[in-house]
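Results of the structural survey
Chain residues, written in single-letter form:
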Amino acid sequence: MTAAPIRVLFVCTGNSARSQIAEAVLGRIGGDDVAVFSAGTEPKGVNPYTVQVLDEEGIDWSNARSKSVQEFLGRPFDYVITVCDNARQTCPVFPGSHEALHWDLEDPAEVEGPDDRRLAAFRDTYRELDRRMRPFVEAALRNAGRADRAAT
């Protein structure tokens, strides 16, 4: 019998870049050990640069959509991770026992200028989230009593 996946929700303001990238990266790294979701306090559509950067990394995100945190109220999570200060301040309280984490990341969607500069910001966000994910997964597995899975 396999253990239930660790349920993680990433929250940012627009659910267009940071939380979407985090969802994709954790889904790839965590595999069947996680059930990962993302939402925004004010969803505004998935940014095309998000889709492009994930595609460059071999992740098809073409069917993704922005979701409101309202869709997830009442659902249990092991971790709720805000990825911007605004979301941290406005995120609703999720019921039940979970760990609330905050990773304040710069919003690549706010970068202005030519396409190559804007795309570079999204790539930087991807790299930052990729760097944070493996240690997060290892700690989450240990906390869930699955230390044997943490090293894989």
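Residues numbered from 1 in each chain as written. Predicted model: local features only at pLDDT ≥ 70, side-chain atom pairs only at ≥ 80, totals over all residues. Heavy atoms only, no water.

1. Quick word on the overall build of the protein chain
Note the following rule: Here a strand is any run of E in DSSP of at least two residues, a helix any run of H or I of at least four, and the numbering for each starts at the N terminus. Pairs of residues are marked as contacts when any of their non-hydrogen atoms sit within 4.5 Å. Using a 1.4 Å probe, accessible areas were evaluated by the Shrake-Rupley method; residue-level cover was limited to the displayed protein chains.
Each helix and strand counted, the protein chain has 5 helices and 4 strands in total. Seen in sequence order, the protein chain has helices and strands lined up from the N terminus as β-α-β-α-β-α-β-α-α. Within the protein chain, contacts between residues at least 6 apart in sequence are counted, and of these 70% link residues at least 24 apart. For the protein chain, the exposed surface amounts to about 8000 Å²; the carbon and sulfur share of it is 46%.

2. A few points about the sheet that holds strand S4 (residues 99-102)
Test applied: Two strands are said to pair when DSSP picks up at least two bridges between them. The axes are straight lines fitted to the C-alpha atoms, using for helices just the contacting stretch, and the angles between their N-to-C directions are given from 0 to 180°.
One open sheet accounts for 4 strands, arranged S2-S1-S3-S4; its pairing is parallel. Strand pairing shows two members of the sheet lacking a second neighbour, strand S2 (34-40) and S4, which therefore form its edges. Strand after strand, the sheet turns through a mean of 20° between neighbouring axes, direction not considered. Where strand S1 (residues 6-12) and S2 come together, 7 bridges link them in parallel fashion. Paired with Val8 across the bridge in S2 is Val36. Where helix H1 (residues 18-30) meets the sheet, its contacts fall on S1 and S2, and the angle it forms with S2 comes to roughly 175°.

3. Topic: the environment of Gly30
When you line up the elements, Gly30 lands in helix H1. Through-space distance from the C-alpha of Gly30 to that of Val137 is 6.4 Å; in sequence the pair is 107 residues apart.

4. Thoughts on the side chain of Thr125
For clarity, the cut-off: The classification of residues rests on relative accessible area computed with a 1.4 Å probe and restricted to protein chains. Under 20% of the type maximum is buried, over 50% is exposed, and intermediate values are partly exposed.
The residue Thr125 is located in helix H4 (residues 115-143) in this model. Using a relative accessible area of 8% as the deciding quantity, one classes Thr125 as buried.

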